[in-house]
Amino acid sequence: DYAFKGYSLKKFKIGKNVKRIGEEAFFNCGNLGHIELPSNIQYIGPRAFGRTSGYLTIGCNLPDYDTFLDSPFNGAYLSSINIGNSVSKIGKYSLSSIGGTIKEISIGSNVKELGQFAFRSTKSMRLLIYCDLPDLESQSYGPFYQTTLDEIVFAQRVSRLGCNLFDYSGVKKIIIESNLNEIG
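Each value, and the rule that gives it
- Residues numbered from 1 in each chain as written.
- Predicted model: local features only at pLDDT ≥ 70, side-chain atom pairs only at ≥ 80, totals over all residues.
- Heavy atoms only, no water.
- Helix = DSSP H or I, 4+ residues; strand = E, 2+ residues; numbered from the N terminus.
- Rg over C-alpha atoms; globule rule 2.2 N^0.38 Å.
- Buried < 20%, exposed > 50% of the residue type's maximum accessible area, 1.4 Å probe, protein only.
- Contact = heavy atoms within 4.5 Å.
- Disulfide = S-S within 2.5 Å.
- 1 Å grid on protein atoms, 1.4 Å probe; cavity = no way out; pocket = protein on both sides within 12 Å on 5 of 7 lines; lining within 4 Å.
- Points joined across faces, edges and corners; volume = space filled by probe spheres on them.
- Nonpolar A, V, L, I, M, F, W, Y, C, P; charged D, E, K, R; others polar.
- Pairing = 2+ DSSP bridges.

1. Comments concerning the overall build of the chain
Next up, step 1: The helix and strand tally for the chain stands at 0 helices and 15 strands.
Next up, step 2: Computed over the C-alpha atoms, the radius of gyration of the chain is 16 Å, within 12% of the 16 Å expected from 2.2 N^0.38 for a compact globule of 184 residues.
Next up, step 3: Considering only C-alpha atoms, the chain reaches an extent of 50 × 30 × 30 Å along its principal axes.
Next up, step 4: Across the 184 residues that make up the chain, the buried fraction comes to 52%.

2. As for the environment of Pro46
Next up, step 1: Along the chain, the position of Pro46 falls in the loop between β3 (43-44) and β4 (52-58).
Next up, step 2: We classify Pro46 as buried; its relative accessible area is 12%.
Next up, step 3: Taking the C-alpha atoms as reference points, Pro46 and Phe12, 34 residues apart in sequence, are found 19 Å from one another.
Next up, step 4: Excluding anything up to four places from it in sequence, Pro46 contacts Glu23, Glu24, Tyr65, Asp70, Ser71 and Pro72.

3. A look at the state of the cysteines
Next up, step 1: Following the criterion strictly, the structure yields 0 disulfides and no others.
Next up, step 2: Between Cys29, a cysteine without a disulfide, and Cys60, which holds the nearest cysteine sulfur, the sulfur-to-sulfur distance is 18 Å.

4. So, the layout of surface pockets
Next up, step 1: The computed volume of the largest pocket comes to approximately 240 Å³.
Next up, step 2: Around the largest pocket, the lining residues are Lys10, Lys11, Phe12, Lys13, Ile14, Gly15, Lys16, Leu32, Gly33, His34, Glu36 and Pro38.
Next up, step 3: For the lining of the largest pocket, the residue count by class is 4 nonpolar, 3 polar and 5 charged.
Next up, step 4: In terms of lining, the second largest pocket is formed by Ala3, Phe4, Leu9, Phe12, Lys13, Ile14, Val18, Arg20, Ile21, Gly22, Ala25 and Phe26.
Next up, step 5: In the lining of the second largest pocket, the residues fall into 9 nonpolar, 1 polar and 2 charged.

5. Some points on the environment of Phe154
Next up, step 1: Residue position: Phe154 is located in strand β12 (residues 148-154).
Next up, step 2: Given a relative accessible area of 3%, Phe154 falls into the buried group.
Next up, step 3: Sequence separation between Phe154 and Asp1 is 153 residues, and the spatial gap between their C-alpha atoms is 38 Å.

6. Quick notes on the pairing of β12
Regular strands place their side chains on alternate faces of the sheet.
Next up, step 1: Within β12, 5 of the 7 residues are buried, leaving the element largely enclosed by the surrounding structure.
Next up, step 2: Here 2 bridges tie strand β10 (residues 123-124) to β12, and the two strands are oriented parallel to one another. The residue bridging Lys123 from the neighbouring strand is Thr148, located in β12.
Next up, step 3: In this sheet, β12 lies alongside strand β11 (residues 127-129) in parallel orientation, the contact comprising 3 bridges. Bridging across to β12, Leu127 finds its partner in Ile152.
Next up, step 4: Looking at chain direction, β12 and strand β14 (residues 170-176) are connected through 6 bridges and run parallel. Within β14, the position partnered with Thr148 by the bridge is Gly170.

Here is the structure:
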């Protein structure tokens, strides 16, 4: 925990043997450039990348967090987020409360589980979705609760959208490039 908190890091690489990133490990490190989380990561602590900036590539599953304050990216200013095809879970509050406006968020084709408030209070210019989004009827609020999205693009692979996905969100434009045949 707190390993590099407040350091002026400009570049770093997470090795293939790293399984855990502790609480506030890179908190307030400024511009980290490219933050890449490989598939070997099993745990990311609360606010691990809080108040940092750069672009994010996620190759690992993201666990559930208790509140938006525990999000590993709380207060981070990320220019883009690419959630790779090796990711199957984006947990509760995991990408919530990111500061600034993200140019693009891309969700890969193998995501099967989206946690409640996963992207809560996040602002993005463009959201690209390459996976069917699951039913979330058991959740009071969906993963995109209170997000501000300029544009959502449902790519060719998407055939189904579940319930409670975009409640209380501001969406300006929706583009359906897919063979969408069910909207929950």
